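One-letter residues, chain by chain:
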Amino acid sequence: MKNYIFRRLLSMIPMLLGISIITFAVIHLSPGKPTDLATSLNPKVSLEARQRLEKLYGLDKPLYIQYFDWLKRMLRLDFGRSFTDGRKVIDKIAERLPVTITLNILSLLIIAGVAIPLGVIAAVKQHTFLDRFTTIIVFVGFATPSFWLALLLMYLFGVKLGWLPISGLYSWQFSSLSLGGKILDLAKHVVLPVFVASFGGLAGFSRYTRSNMLEVIGRDYVRTARAKGLPERVVIYRHALKNAILPVVTILGLSLPGLIGGSVIMESIFAIPGMGRLFYASVMSRDYTVVMGILTIGAFLTLVGNLVADILYAWVDPRIKYS
Amino acid sequence: MKGESLSRLYWQRFRKNRLSIAGLIIVSLFFFIAFFAPVLSPYAPQAINLKEILQPPSARHFFGTDSLGRDLFSRILWGSRISLSVGFVAVGISITIGLVLGLISGYFGKKVDTLVMRFVDIMLCFPAFFLVLAIIALTKPSIWNIMVVIGLTSWMGVARLVRAEVMSLKERDFVLSARAVGCSNMRIMFRHILPNALSPVWVAATLGVAGAILLESALSFLGLGVQPPTPSWGAIITEGKDNLEIAWWLTLFPGLAILVSVLGFNLLGEGLRDALDPRAIMGKRDEHFLLPG
């Protein structure tokens, strides 16, 4: 096992290199220069000033040198400084990242906690009304634009019913609340974003669990378990579910980039100060260094998520021998 | 003769599922609306009428009017053209890239395969929405850029699919005989293998249109897609969201339009899959649901 983890960690190195190349290429091969916002869009800036600015950011050097410079700095976790406020990119990301990660983990937990039982029930009760109902819900859920759902729920629970706050993470009187009050306040703020973020995944995962479960229920060892006279509950939850759930674990890891990507919309709509909102703001203001930093870190997080999922998979499935 | 009976078999399998038929109907209707939008819409989509701003749905304005008095029903009908064209062009691009890379990777194998598949793995690491957003932000937001960018960032699934198909096909006898009579690699790849590897691609393409429509609406919602006053469904939602409290119809109807059309393409794609490949009824078939934009 240790050996396997070590090898997987090693295999991340070429992947990271690839990620850095694509990030760099995306930013530098597209038309428009990082300094455009400060220069050509501003007629007062002279050509000289523009060249000075380009020199400052190393934009006058050949591309491959720029790449290696950038890579070297990145290895020291130095992503440069933001074009908009001059703060260190790594600091800007570091203060936003925990929010996004926490929300995404919450969403993943909800997806796993709701979708797996739902999928199991649909599979056990195949061809019943319940099964058909969940199938339709899955299709509708998958076709629902998340930003639209967010707006409707904001309107319903925030404006019409007034039950939930519609923006930010805390109320203005947050610091004066008791500990319990603080937790409640936070929970009220995150319930809508987390629900919307997990909505699309819910549909997909319950469907996936269902088809895995159906496949397993048809296997010989499940028939054997039934033939032994085990109660149905034990057959389903001990014999079938354990095997059906394995692929779901890996797939949960694979859904991470979707969730992280979706945080742009979620955080923008609900005004949550996370990485997604920072990314959107940076994209709008063409803050290249921040955009590059977040792209790299987003891809890195995905890589780590996949690694964790693979290790979990190897850990929960004793049949898999990684040597 | 054989082709005809085969397609009849597919059709028989397809129509067994009522959901697939529903998908086909929705998609046909969608095409019809997009095609005949100028005839069907009661008002010009851009026509401003300040005397009738923020009117609720009525017999005069089926879906009400927006803050400039424009008829929402007409705007949504016209918006179908944007969604449909973005969906098709983007998917056309992604299918082309995926097909070529998948073919090359599966056919030549070895180092070429490793290289292409590593590239796919790396591309899949990026949260798709981040990548799309970054590229769009650096170019000018326009409908053409959106199409290209969505196409360039969504070909990986197709490449994997085609590769797997090609790998199993290239060991078959008909490929061997093509090689025996001296066909070039290019000819074998494109004339002999490709036509036989297409059926999963049709499914992926149909589902891909649904994905592209969703992505376009999200980008337009964020103001990075189709620019106003062009009526794109996502952009209409953005324009309406500030008036959500007094004019719910501006948010509800365009969202429903997105939902129904995406639903249609997904149902159609699933139906096609069941019809074209009955073996895939269980197992991995639901995986595409797990990686939304």
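Residues numbered from 1 in each chain as written. Chains lettered and ligands numbered in written order. Predicted model: local features only at pLDDT ≥ 70, side-chain atom pairs only at ≥ 80, totals over all residues. Heavy atoms only, no water.

Draft legend 1. Local environment of the overall build of chain A. A count of helical and extended segments in chain A gives 12 helices and 0 strands. Counting from the amino terminus, helix and strand elements in chain A follow one another as α-α-α-α-α-α-α-α-α-α-α-α. Considered along the principal axes of its C-alpha atoms, chain A spans approximately 85 × 55 × 40 Å. In chain A, buried positions account for 47% of the 323 residues. Of the contacts formed within chain A by residues at least 6 apart in sequence, a portion of 71% connects residues at least 24 apart. On chain A, roughly 16,400 Å² of surface is accessible, and the fraction owed to carbon and sulfur atoms is 67%. Charged side chains in chain A number 35 positive and 18 negative. The centres of these two groups are separated by 7 Å. (Helix = DSSP H or I, 4+ residues; strand = E, 2+ residues; numbered from the N terminus. Buried < 20%, exposed > 50% of the residue type's maximum accessible area, 1.4 Å probe, protein only. Contact = heavy atoms within 4.5 Å. Areas by Shrake-Rupley, 256 points an atom, 1.4 Å probe, with all protein chains shown as cover. Lys, Arg positive; Asp, Glu negative; His and termini not counted. Charge placed at Lys NZ, Arg CZ, Asp CG, Glu CD.)

Draft legend 2. Spatial organisation of the side chain of T135(A). Counting through the fold element by element, T135(A) comes out in helix α5 (residues 129-143). Judged by its relative accessible area of 12%, T135(A) falls in the buried class. Contacts of T135(A), omitting those with residues within four sequence positions, involve R207(A) and L19(B).

Draft legend 3. Region of interest: the pattern of salt bridges. Residues and elements named next belong to chain B. Scanning the entire structure with this criterion turns up 12 salt bridges over all chains. For E239, the salt bridge is made with R70, and the minimal N-O distance between the two is 3.3 Å. With a gap of 169 residues between them, E239 in helix α11 (residues 233-241) and R70 in the loop between α2 (18-40) and α3 (72-108) connect regions that are remote in the sequence. A relative accessible area of 28% means that E239 is categorised as partly exposed. In this structure, E270 engages R273 in a salt bridge whose closest nitrogen and oxygen atoms are separated by 3.2 Å. With E270 and R273 both in helix α12 (residues 249-276) and 3 residues apart, this pair spans about one turn of that helix. An identical accessibility class is assigned to E270 and R273; each is buried. (Salt bridge = Lys/Arg side-chain N within 4 Å of Asp/Glu carboxyl O.)

Draft legend 4. Spatial organisation of empty space enclosed by the protein. All names here are of chain A. This structure, assessed with the given rule, holds 4 cavities of 30 Å³ or more. Roughly 110 Å³ of volume is contained in the largest cavity. Residue assignment for the lining of the largest cavity shows that the elements contributing at least two residues are α4 (89-124), α7 (179-217) and α10 (256-269). For the lining of the largest cavity, the leading source of residues is α10, giving 5 residues. Of the residues belonging to the lining of the largest cavity, the class tally is 7 nonpolar, 5 polar and 1 charged. (1 Å grid on protein atoms, 1.4 Å probe; cavity = no way out; pocket = protein on both sides within 12 Å on 5 of 7 lines; lining within 4 Å. Points joined across faces, edges and corners; volume = space filled by probe spheres on them. Nonpolar A, V, L, I, M, F, W, Y, C, P; charged D, E, K, R; others polar.)

Draft legend 5. How the structure looks around the packing of aromatic side chains. Summed over the entire model, instances satisfying the criterion amount to 23 aromatic pairs over all chains. For the ring pair F24(A) and W70(A), a centre distance of 5.8 Å and an interplane angle of 35° mean the geometry is tilted. Taken together, the positions of F24(A) in helix α1 (residues 2-29) and W70(A) in helix α3 (residues 63-75) put the pair 46 residues apart, joining distant regions of the chain. For the residue pair F24(A) and W70(A), the accessibility class agrees, reading buried in each case. Seen in terms of ring centroids, F35(B) and F36(B) are 5.2 Å apart; in terms of plane orientation they differ by 80°. Their pairing is edge-to-face. (Phe/Tyr/Trp six-rings, centres within 6.5 Å; stacked < 30°, edge-to-face > 60°.)

Draft legend 6. Broad picture of the nonpolar core. Formed by 166 residues in total, the largest nonpolar core has its most connected members in F147(A), M213(A), F279(A), F129(B) and L133(B). No other element matches helix α12 (residues 288-316) of chain A, which puts 13 residues into this core. (Core = buried A, V, L, I, M, F, W, Y, C linked by side-chain atoms within 4.5 Å.)

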